[in-house]
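Listed here are the chains, written in short residue letters.
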Amino acid sequence: QVQLVEAGGGLVQAGGSLRLSCAASGRTFSSYDMGWFRQAPGKEREFVLGITWSGSTYYADSVKGRFTISRDNAKNTVYLQMNSLKPEDTAVYYCAAGDSKSYDPVTYDYWGQGTQVTVSS
């Protein structure tokens, strides 16, 4: 069992930056593949970035070159660094843990409660 808690959301102007964190409970965090997803009002939840247990990263095309993901297994935490934010990045951001590298939210077993990111123009 893994519990995930996101933090770091907020309101930022277009072009600005935010760093989200996702703290995990449980001793097996380092064995999970982690993903960040987002969901805007009226839209489906979409994949943003992922990082495997071994540290390999994979991205949605919409955020390549702007967002990065990292993990600190000693702190049981995964991070999402967001730069050059755009109004279309506005959404609730969720972290998730799963057993395999995947872009599909249904394959992830554990989810955080989400944190709101709002980018003003």
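Provided above is the structure to which this section pertains.
So, how was this worked out
- Residues numbered from 1 in each chain as written.
- Predicted model: local features only at pLDDT ≥ 70, side-chain atom pairs only at ≥ 80, totals over all residues.
- Heavy atoms only, no water.
- Helix = DSSP H or I, 4+ residues; strand = E, 2+ residues; numbered from the N terminus.
- Polar contact = N/O pair within 3.5 Å; in protein donor to acceptor, adjacent residues only side chain to side chain.
- Contact = heavy atoms within 4.5 Å.
- Disulfide = S-S within 2.5 Å.
- Buried < 20%, exposed > 50% of the residue type's maximum accessible area, 1.4 Å probe, protein only.
- Phe/Tyr/Trp six-rings, centres within 6.5 Å; stacked < 30°, edge-to-face > 60°.
- Lys NZ or Arg CZ within 6 Å of the ring centre and 35° of its normal.

When you look at the side chain of R71 in this model, what are you seeing that I'm missing?
Residue position: R71 is located in strand 7 (residues 67-72). A polar side-chain atom of R71 sits 2.8 Å from the main-chain carbonyl oxygen of Y32. In contact with R71, other than residues within four places in its own chain, are F29, S30, Y32, D33, M34, I51, T52, W53, T77 and V78.

Which parts of the structure should I look at to understand the state of the cysteines?
By definition, a disulfide is the covalent link that joins the sulfur atoms of two cysteine residues. Under the definition given, this model contains one disulfide. For C22, the disulfide goes to C95, at an S-S distance of 1.9 Å. The S-S bond linking C22 to C95 shows a torsion near 50°; that makes this disulfide right-handed. Taken together, the residues C22 in strand 3 (residues 18-24) and C95 in strand 9 (residues 91-98) connect sequence positions 73 residues apart. C95 carries the same exposure label as C22, and that label is buried.

Got a minute to help me understand the packing of aromatic side chains in this structure?
We describe a pair of aromatic rings using the distance from one ring centre to the other and the angle between the two ring planes. Tallied over the entire structure, the rule returns nine aromatic pairs. For the pair F47 and Y103, a centre-to-centre distance of 4.7 Å together with 65° between the ring planes defines the contact as edge-to-face. With F47 in strand 5 (residues 46-51) and Y103 in the loop between strand 9 and strand 10 (108-111), this pair connects stretches of sequence that are 56 residues apart. A residue is classified by how much of its surface remains accessible, and Y103, at 46% relative accessible area, is partly exposed. Arranged with centres 5.2 Å apart and planes meeting at 65°, the rings of Y58 and Y103 form a pair that is edge-to-face. Taken together, the residues span a long stretch of sequence, with Y58 in strand 6 (residues 57-59) and Y103 in the loop between strand 9 and strand 10 at a distance of 45 residues. Cluster of aromatic residues (ring-pair linked, three or more members): F37, F47, Y58, Y94, Y103, Y108 and W111. Across from the ring centre of F29, 4.7 Å away, lies the NZ or CZ of R71, which sits over that ring.

How should I be thinking about unusual backbone geometry in this particular structure?
Glycine aside, a negative phi is what most residues show, and trans is what most peptide bonds show. Here N76, not a glycine, exhibits a phi torsion of approximately 55°, which is positive. Relative to the elements of secondary structure, N76 occurs in the loop between strand 7 and strand 8 (77-82). With phi around 50°, S84 is a residue other than glycine that occupies positive phi space. Tracing the chain through its elements places S84 in the loop between strand 8 and strand 9.

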